[in-house]
Amino acid sequence: MGGWFSSTTEGSSSSGRNQSWEEPHDPKPVPQRRRRDEVRIGIVGDPGAGKSTFINSIRGLKPRDPGAARVGLTHTTTEPTEYPHPSRPDRLVLVDFPGVLLRRHTGRFGNFNIGQYLIEFGSYMRSCDVFLVFCRGRIQHNPISIAMEAARMGKKVLFVRSQFDKDVADKENDDPEYFDNKSSVHLMEEFRQDYIRVLRAVGWPHDVSDDEVFVISGRLEYVRQGMWDVLELKDAIFGHKV
C-alpha cells in the first residue's frame, strides 16, 4: 500500500466488527443547534495532520489570534471543541474531535476502542452534518475508524490530504526533474488517486469518487488565495456559504 496506511498509531487497537455489531448507547444529549439552518462540520485527524491550522484559516484566524484553535504536533484535543465561524457564529460551527481517548483521572491516552469512543462522543458526532478526515502522509487508523462510524450514521464524509505546500517543496527538493514537464496539478492528482486506492485497500465501505478527496494546504495564505482544492472543498462543505 505504498506506506500510506498506518494501523499502529498511539493508543490504537483493532476496530474490526461483524455486521451484527450495534452502536454503543451514548447517554449524553445531542447538542442543540442555534438555528435550523446551522451547518456543523466535524473534523477528525491525527496530530500534525493540519486540522487546527485549517480550522483557524477557514475562519480567517492566525494561530495566536483570540479564539484560534491550538496548533501542535501532540494531541491537543481531548473533548469535542466547537469553533463558530466569526462572521456567522450562529450558522456555521466547526467541531474538532479527539483522535484518541483520554483515560479519565489519569491524563493519559488509553487504547483506542471505537465502541468506547462512541459512548464518549457519539452524541456530538450525530450533531454534525459533514465530517472532514484529515491526513498528512499516511492514512491513520483512528480517524478512519471514526469516519466509518460517521458514515454509518448517514453523515457525509470527505477526505482531506493536507499540507500540500510541503509536499510540493519536498518534490522540488527530492525530484526537481518532475516539474520539467509536470505541474503541482499533476502531483495533486497522483496523491488523490493514491488516497482513493488506499481507502479501498483498507476496507472503506463505500465507493470514493475524485470529488470526495481534496488536496490542500490549510495555511491561511493558501486558504485566502483558494489554492489547489480549497475552493472545491469549501463548495463541497458549505455550498456558497463561505
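It should be noted that the structure appears before, not after, this text.
The text that follows walks through the structure, step by step, so that each part is easy to find. (Residues numbered from 1 in each chain as written. Predicted model: local features only at pLDDT ≥ 70, side-chain atom pairs only at ≥ 80, totals over all residues. Heavy atoms only, no water.)

**So, the side chain of Ser57**
By the secondary structure assignment, Ser57 is in helix 1 (residues 51-58). Leave out the neighbours within four places in its chain, and Ser57 touches Gly218, Arg219, Leu220 and Val223. (Helix = DSSP H or I, 4+ residues; strand = E, 2+ residues; numbered from the N terminus. Contact = heavy atoms within 4.5 Å.)

**Remarks on the packing of aromatic side chains**
Counting across every chain of the model gives ten aromatic pairs. Their ring planes at 85° and their centres at 5.0 Å tell us that Phe159 and Trp204 sit as a pair that is edge-to-face. Here Phe159 is found in strand 9 (residues 156-161), whereas its partner Trp204 is found in the loop between helix 5 (184-201) and strand 10 (213-215), with 45 residues between them in sequence. Here Phe159 matches Trp204 in class, with each residue buried. With centroids separated by 5.1 Å and ring planes inclined at 80°, the aromatic side chains of Tyr178 and Phe179 adopt a geometry described as edge-to-face. For Phe179, a relative accessible area of 21% puts it in the partly exposed group. Following the ring pairs from residue to residue traces out a cluster consisting of Phe164, Phe191, Tyr222 and Trp228. (Phe/Tyr/Trp six-rings, centres within 6.5 Å; stacked < 30°, edge-to-face > 60°. Buried < 20%, exposed > 50% of the residue type's maximum accessible area, 1.4 Å probe, protein only.)

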